[in-house]
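What follows is the residue order along each chain.
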Protein chains: 2
Amino acid sequence: MNARLLTQGGFIEKQAAGIYNFLPLGLRVLGKVNNIIRDEMNKVEGQEIFMPVLHSREIWKATGRDQSMDGVLYRTRGTDDQEFVLGPSHEEVVTPLVKTFIKSYKDLPLAVYQIQTKFRNEPRAKSGVLRGREFGMKDMYSFHLTEEDLDAYYDRCKIAYTNVYERCGLKSYMIEASGGAFSDKFSHEFSILTPAGEDTILICDKCGAAQNIEIAQGKYAEPEDFGEDGKANAKEKPLPMKEVEAKRGPSIEAGCELHGCPAWKILKTVVYEVEDDGLVGICIRGDLQINELKVEKYFKKQIRPASPEMLKKAGLVQGFIGPVNMPAKVKISFIGDHSIKNVTNIITGANAKDVDIINVNIGTDYTVEDFADFVQVRGSFKCGKCGGALREEKAIEAGNIFKLGTKFTDAVSFTVTNKDQKQVPVFMGCYGIGNTRLVGTIVEACHDENGIIWPKSVAPYHVHLITLGNDEEATKKADKLYEELTEAGIEVLYDDRTDSAGVKFKDSDLIGLPLRIVISKRTLERDSVEWKERAPSTDGKPSEAKNVAFKDVVKEVVKFVKD
Amino acid sequence: MNARLLTQGGFIEKQAAGIYNFLPLGLRVLGKVNNIIRDEMNKVEGQEIFMPVLHSREIWKATGRDQSMDGVLYRTRGTDDQEFVLGPSHEEVVTPLVKTFIKSYKDLPLAVYQIQTKFRNEPRAKSGVLRGREFGMKDMYSFHLTEEDLDAYYDRCKIAYTNVYERCGLKSYMIEASGGAFSDKFSHEFSILTPAGEDTILICDKCGAAQNIEIAQGKYAEPEDFGEDGKANAKEKPLPMKEVEAKRGPSIEAGCELHGCPAWKILKTVVYEVEDDGLVGICIRGDLQINELKVEKYFKKQIRPASPEMLKKAGLVQGFIGPVNMPAKVKISFIGDHSIKNVTNIITGANAKDVDIINVNIGTDYTVEDFADFVQVRGSFKCGKCGGALREEKAIEAGNIFKLGTKFTDAVSFTVTNKDQKQVPVFMGCYGIGNTRLVGTIVEACHDENGIIWPKSVAPYHVHLITLGNDEEATKKADKLYEELTEAGIEVLYDDRTDSAGVKFKDSDLIGLPLRIVISKRTLERDSVEWKERAPSTDGKPSEAKNVAFKDVVKEVVKFVKD
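All residue numbers here refer to positions counted from 1 along the written sequence of the relevant chain. Both sets of labels track the order of writing: A upward for chains, 1 upward for ligands. Owing to the predicted nature of the model, reporting of local features is limited to residues with pLDDT of at least 70; listing and counting of side-chain atom pairs is limited to 80 or more, with chain, interface and lining totals taken over all residues. To get the side-chain values, take all heavy atoms of the structure and skip hydrogens and water.

## Comments concerning the overall build of chain A
Inference 1: Only DSSP runs of H or I with at least four residues qualify as helices, and only runs of E with at least two residues qualify as strands; both kinds are numbered from the N terminus onward. Along its length, chain A carries 16 helices and 33 strands.
Inference 2: The principal-axis extents of the C-alpha atoms in chain A amount to approximately 95 × 65 × 45 Å.
Inference 3: Summary of the burial criterion: residues with accessible area below 20% of their type's maximum are buried, those above 50% are exposed, and those between are partly exposed, where the area comes from a 1.4 Å probe applied to protein chains only. Within the span of chain A, comprising 563 residues, buried residues form 54% of the whole.
Inference 4: By the convention used here, residues are in contact when the closest approach between their heavy atoms is within 4.5 Å. Long-range contacts, defined as pairs at least 24 residues apart, comprise 70% of the intrachain contacts of chain A with a sequence gap of at least 6.
Inference 5: For every accessible area listed, the method is Shrake-Rupley and the probe measures 1.4 Å; residues are considered covered only by the protein chains on display. When the accessible area of chain A is evaluated, it comes to approximately 25,500 Å², of which 49% is carbon and sulfur surface.
Inference 6: Considering chain A, the positive charge centre built from 77 side chains and the negative charge centre built from 85 side chains are found 1 Å apart. Think of it this way: Lys and Arg go in the positive column, Asp and Glu in the negative one, and His and the chain ends go nowhere. A charged residue contributes its charge at one atom only: NZ of Lys, CZ of Arg, CG of Asp or CD of Glu.

Okay, structure coming up:
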C-alpha cells in the first residue's frame, strides 16, 4: 500500500527492485522524519557523524560477519584489487574509529550516530520502502565502561525511540526481539500496528506489555477454566490406565470425536529431529500448539519435525505416538510442556496402530525428562504478566536496539584504562531506525481509501492551497494568501493548475496534506475560503468542509499547525 | 594541508585511501556548506530530490559510459546476477526519471538536484578530501525546450555558483573548461586560488577574466615591444636569405648565442606525430612555447612529439629542422603559429647538420599550410580581451557546469510535445559542486601556520569558549555565559578541560573558530573576558586579544556573528 500511494502521490519512484528515488515531496517527508530522529538522538547526547559506504573487506573478515552475513552483502573491488563491502551496518567501521579517540575511562560514555544509506542484498525486496536493498537508516552506537552504564543508557534509548515514533504520529510497542534460535534478551524491537505488517504481536492493554508472537509467553486456560467438565477434571481422582481400541485418523480432532472429549483432555506428542541429538518427543495439551522457536531455544540447536519415513524407521506409529508403552528398541526422549501437568486421566496414543490409552497420569504412568514452556501463545491467552486480555495484531518492525556487549570491541581489541590504570573491555550498544522504512510505515498506518493522511509533524507541507475555475480574482487572492501564509512560517503547496475540481481534489486527498484550503468564485462571494482537514474528525468520520472568513485564515492556519 | 589540519583538528578521519569519516565538527561544517548550496539551488528553482547509489548497469550501457568511464566505475552484483554501477554521477538515472513525469513543453523548464555520495575509483586518491573515491556532491540537472532556454538558465547558474563560493568565504574565478582534446565551450569551471591547487590559471585583474593555462589565450609581445632592437626589426626590409655555418647545440639558447640575437628572432619548429596523419611541423617564434592541447584541438586527434628515431628515419636533423629547404623525400606538412608572421629576417635551421639560414621571410622564402594559435600563454602575457596584465596562480577546481545538449536525452528517447503537438528533443544542462571537496578547498584557502581559519558562515561553531586554571568562579561564569550565548542563537564550543592554557590555545587555533573567548581568574579580576578573533586583522597581522566587559559579551558576540 505504501508503495502504491507514495508512487501515485509523487513521493517516490522505483529505480529497481528495492531501490527508490525520493522525489521532492518524499524528500521533504524524509527530512522531517530525520530531524525528529536527530533531535531525540541529540537529547541522549548522541553526536552526529557520517561514515563511509565503502568498508574495507578486511575489517568485515575480522568480525566474522563477512562470512555470517555473506548472503546479504554487496561487495565491490577497487584499484589494486582492494575489496570493499557496501555497509549494511557500521559496527565494523565505528568500533575502530571510536577506538582511535577513546583511551581512558574519562572519555566514556560516548554515543555517535549517523543517518546514512545502507545496502542489503535482500533476496526478495518488497513492500515498497519497507524492505529495500538500498535504504536509509539512523544507526547509533554507544560505548560504556561498565555493563551497568550500558544498561542505563539502553533504557534511556528506549524512551528516545518511543518519542521518535510518537512525534511521527505513531503509537509504538516495544517488544523483546525474537532473533531466531539463539536470541537472548539483549534486544528490543519497536513495532507499529498496521494490517500490512509482516509480524504478529500480542498486546496486553491492561499492563501495556507487547510481545512478538514468535516468542510470546502467556497464560492458557487451565482445566478448571473449561466450564463444568474442566472443573470436574480438576477434582477427579487418577484412574488406572487402560488400553482401548481406537480406529481413528491421526489428528487430535479425530481423537476428540472418537472419545467424545475436548481437545485439552488429549495428550499431543510431536516428534522432532534435533541436530546431532536424534529424536525428541514434545508432549503438550491437545488444544495447544507447539512454538518450534521455543523448542530450538530449549535445545540451542536446529530442529525439524521428524518425517513420516523417519518415524516409521524408528518404529513409531504416526497419530498414535505417546510417552507411555514405548517399545524398548525405540530411541527417543520426551520433554513435557507445562500444560500437561494439570490434566487428570488424559488420553494418549499407545504407540500401536488403532490403540489409545485412557486415564493416563503423569508421574504414575509415565515421566518426561524435563518440563519447559513450548506453547505457541495466541490472542485467546491471558497476559503472562498481569492476566489481562491479549490481542493479536499485525505490526511493522520500525526500529530495534541491541546490547552488543563486547562482541565488536573485543574483535578490534578496544579497551580503555580504568581508574586503576588497568586495561578493561568496552561495552557497546547499537540502536537502529530505518528512516526510509519509517516513511513507509507512517503511510501504512495513516491512510484511507483516497490516499495518505500525513501527521502534521511529517507532512511535506502543512497546507494544500487550491484555486478553482481559473477565476482571476480567486487566483489573485490565492497568490496573496500564499505569500501571507509563507510569511507566517506555514509550508504551502499551491495548486494553481487549470484542471477540474475533481482532479485537484483527488490529487489533494492522495497527497494527504493536513489542511486543504480552496479559493474559488463561490468562496469569494462569501469573502471566505473552504477549509477541509484531511484527518478524520474525532468520531472517525471524514472531516467536513467549512467556510473560514478570509481575514481569519492566516491566524486559524497558524493555530491549526501549532496544535 | 587540508588532510593534515582537518584530521588533527578532529574534523575527519581516514577510513581508507580516498575514503573519510566525517566526525562531529566536520559534519557541522559540511552541513553549513550544504545549506548554502541548497539555498542557492532553490533560488534558481532547483527542486531537491535524492537518487540511489546503485544504478542498473543496463542504463550505463545504454549511454555508452559503462565503457567510456570503465576505469573509474565501481561495480557490484546482486541477487539474480543483477549488475550495478555505484553512481559516479547521475545522468543515467535522472534522465529516465524526469522522462517519466515530463511529457509536454508546458512541463519545462525543470531543474532537480540532490546532495548525494558519489563513487569514483580514482587510481591515485590524494589531497585529503580534495580527490576522494567516495565523496559528497551536489549535482543539479536542468531540462529545457530550447537551446536558448538552456543558455539563459546556464547563465543564471553561473551566478548561483559564484554566490555559493562567496557565501563560503571564497573568491571564485569562472573559467572556460579545458576538458581534453575534444572540449568545446559548453562547460565552465569554478576555481579557488590556493598554492595547493592542481591547476594553474591566468587572471586578468583589469577585466576579471580567468583562464586555465591549459587552453588560455593571450597577447604575447610583438617585435616592436622588444625595445630598440624590436622596433628596428618591425621597420626592417626583408633581406635575401642565406645559409651560414652553425656549429651549435640543438636548443634555441644555443642559436641565440651563436647568432647573437634574442630568442624571438629565431624560428622554432617542433615536429609531432599526429594519429593517422603522419608528421607535422609546428612553427612558432623562438621565445614562445607550444601548447600541445591546442595542437590536439586543431587536429582533433591525439598527437605526440616525434621521437629522435622517428626524426632520423624521416631524414630530419634534430635541432636544425625548419620549413625552408626541406628535402623532397621528407613527408611533412608545416602549420604556423600566428607569432611567426611579424618577424622580419628570421633565423631557422637548414635541415642539415650545423647549417642555419638567416634572413628568412615568410611568403618569400617559405609558406605554411595554415596559421593557428598554438601559443602556451604565461603570466608574462597580456589579457587577450582587454590587454590588462595577467597573473599566473595555482587554483583548485571547486565546481563545474556543462551544457549537455541532447546527449543523454537522446540516449533514452526523451522528447516532449511542443505547442504544435510535435515531438521535439529536450536540452539538458548539469551543474556539479563537490561539497566534501569544497570543505577541503576552504581549508586550503583559509589557514595559517597554526591551523584553520574558518569563515563565519561555515565555521562548525561561532565561538570557542575556554576556561583556564580550573577556577571555580571562572567555571561558574563560563557555564552561565554558555547558556546565555546559546540562548541568543550563538553556536558555542565549550572547552572546560583541565589542560593547560598552552594546550587549549593550540587546539583552539587548530580548530579555527572565528572567535575565542577566555575566562580565567585574571579576566574575572577585571570583570571581563579575553576576546580574540581567529582571522587576521585588516593589516594582515594576527588579531590582538582584548578585554570585553562581562555585561557586554553577549551583545558584542551577536554583533560579531551577524557582521
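## Things to note about the packing of helix H2 (residues 24–43) of chain B against helix H12 (residues 435–445) of chain B
All names here are of chain B.
Inference 1: Angles run from 0 to 180 degrees between N-to-C directions of axes, and those axes are lines fitted to C-alpha atoms, restricted for helices to the stretch in contact. It is at 10 Å that the axes of H2 and H12 come closest, and there the two elements cross at 110°. When the axis of H2 is compared with that of H12, the two are roughly perpendicular. As for how H2 packs across H12, the hand of that crossing is right-handed. Facing H2, whose interface residues are Val-29, Leu-30, Val-33, Asn-34 and Ile-37, H12 presents Asn-435, Thr-436, Leu-438, Val-439 and Ile-442.
Inference 2: Asp, Glu, Lys and Arg are counted as charged, while Ala, Val, Leu, Ile, Met, Phe, Trp, Tyr, Cys and Pro are counted as nonpolar; the rest, among them Gly, fall into the polar class. Across the contact of H2 with H12, the residue classes tally to seven nonpolar, three polar and no charged. By the definition adopted for this analysis, an angle is roughly parallel if under 35 degrees, roughly antiparallel if over 145, roughly perpendicular if from 65 to 115, and oblique otherwise. Working rule for handedness: look at the near helix, and if it is turned counterclockwise from the far one by less than a right angle, call the crossing left-handed; if clockwise, right-handed.

## Thoughts on the pairing of strand E18 (residues 333–337) of chain B
Residues and elements named next belong to chain B.
Inference 1: Counting buried positions over the five residues of E18 gives five, a clear majority of the element.
Inference 2: Two strands qualify as a pair provided DSSP detects at least 2 bridges between them. Summarising the sheet, strand E16 (residues 278–285) and E18 pair through four bridges and their orientation is parallel. Bridging from a neighbouring strand, Cys-283 pairs with Gly-336 of E18.
Inference 3: Where E18 meets strand E21 (residues 370–372), three bridges bridge the pair, whose relative direction is parallel. Considered in E21, the bridge of Asp-337 is made with Ala-372.

## Some remarks on the packing of aromatic side chains
The geometry of an aromatic ring pair is captured by the separation of the ring centres together with the interplanar angle, meaning the angle of the planes.
Inference 1: Two aromatic rings, drawn from Phe, Tyr or Trp (for Trp, its six-membered ring), form a pair once their centres lie within 6.5 Å of each other, and the interplanar angle then sorts them: stacked below 30 degrees, edge-to-face above 60, tilted otherwise. Here the structure, examined in full by the defined rule, presents 28 aromatic pairs over all chains.
Inference 2: Aromatic side chains Tyr161(A) and Phe190(A) sit 5.2 Å apart centroid to centroid with 40° between the ring planes, which places their arrangement in the tilted category. With Tyr161(A) in helix H6 (residues 147–167) and Phe190(A) in strand E10 (residues 187–193), the pair connects residues that are 29 residues apart, well separated along the chain.
Inference 3: Residue Tyr161(A) is classed as buried on the basis of its relative accessible area of 0%.
Inference 4: For Phe190(A), a relative accessible area of 0% gives the class buried.
Inference 5: Geometrically, the ring pair formed by Tyr161(B) and Tyr165(B) is edge-to-face, given 6.3 Å between the ring centres and 70° between the ring planes. In this pair, Tyr161(B) and Tyr165(B) are both assigned in helix H6 (residues 147–167), four residues apart and thus about one turn of the helix distant.

## Focus on helix H14 (residues 501–511) of chain B
Inference 1: Within H14(B) the residues assigned to the buried category are Lys504(B), Ser508(B), Asp509(B), Leu510(B) and Ile511(B).
Inference 2: Along its buried surface, H14(B) packs onto helix H1 (2–8), H2, strand E28 (451–452), strand E29 (463–467), strand E30 (492–495) and strand E31 (515–519) of chain B.

## Regarding the pattern of salt bridges
Inference 1: Salt bridges are identified by distance alone: a Lys or Arg side-chain nitrogen within 4 Å of an Asp or Glu carboxyl oxygen. Applying the stated rule across the entire model yields 76 salt bridges over all chains.
Inference 2: In this structure, Arg304(B) engages Glu273(B) in a salt bridge whose closest nitrogen and oxygen atoms are separated by 2.8 Å. Within this pair, whereas Arg304(B) is found in strand E17 (residues 303–305), its partner Glu273(B) is found in strand E15 (residues 267–274), the two being separated by 31 residues in sequence.
Inference 3: Using a relative accessible area of 22% as the deciding quantity, one classes Glu273(B) as partly exposed.
Inference 4: A single network of salt bridges, built from pairs that share partners, joins Arg57(A), Asp66(A), Asp70(A), Arg75(A), Arg77(A) and Glu83(A).

## Describing the relation of the copies chain B and chain A
Inference 1: Superposition of the copies used a least-squares fit over C-alpha atoms from residues whose pLDDT is at least 70 in both. Once chain B has been moved 0.0 Å along the axis and rotated by 180°, it coincides with chain A to within an RMSD of 0.1 Å. One copy is carried onto the other by what is essentially a two-fold rotation axis. For chain B, the residue whose C-alpha comes nearest the rotation axis is Thr76(B), separated from it by 2.7 Å.
Inference 2: A share of 100% of the interface residues of chain B reappears at the interface of chain A, consistent with the copies meeting face to face through the same patch.

## So, the nonpolar core
Inference 1: In terms of nonpolar packing, the biggest core is built from 50 residues, with Leu438(A) and Trp454(A) touching the most fellow members.
Inference 2: Ignoring anything within four residues of it in the chain, the contact list for Leu438(A) reads Val33(A), Ile37(A), Val164(A), Tyr165(A), Cys168(A), Leu170(A), Ala398(A) and Ile433(A).
Inference 3: Nonpolar core, defined: a set of buried Ala, Val, Leu, Ile, Met, Phe, Trp, Tyr and Cys residues in which side-chain atoms within 4.5 Å join the residues together. Of all hydrophobic cores here, the second largest spans 49 residues; its members include Tyr113(B), Cys157(B), Cys168(B) and Tyr431(B).

## Brief notes about the interface of chain B and chain A
Inference 1: Taken together, the contact between chain B and chain A spans 41 residues of the former and 41 residues of the latter.
Inference 2: In short, buried area is how much 1.4 Å probe accessible area vanishes from two parts on joining, totalled over both. Taken together, the two surfaces of chain B and chain A that pack against each other cover about 3,400 Å², and 61% of this comes from carbon and sulfur.
Inference 3: Together, Gln15(B), Phe50(B) and Leu54(B) form the three largest contributors to the area buried by chain B at its contact with chain A, with a combined 15%.
Inference 4: Taken together, chain B and chain A are joined by zero salt bridges.
Inference 5: We define a polar contact as two N or O atoms separated by no more than 3.5 Å, with the added condition that, inside protein, one atom must be a possible hydrogen donor and the other a possible acceptor, whereas residues neighbouring each other in sequence contribute only through side-chain atom pairs. Applying the counting rule to chain B against chain A returns eight residue pairs in polar contact (both at pLDDT 80 or more).
Inference 6: Of the residues contributing to the side of chain B that touches chain A, the split by class is 22 nonpolar, 12 polar and seven charged.

## Quick notes on the side chain of Asn351(B)
All names here are of chain B.
Inference 1: Mapping Asn-351 onto the fold places it in the loop between strand E19 (346–349) and strand E20 (355–360).
Inference 2: A relative accessible area of 9% means that Asn-351 is categorised as buried.
Inference 3: Side-chain polar atoms of Asn-351 contact the backbone oxygen of Gly-322, separated by 2.8 Å.
Inference 4: Within polar-contact distance, the side chain of Asn-351 engages the backbone oxygen of Val-324 at 2.8 Å.

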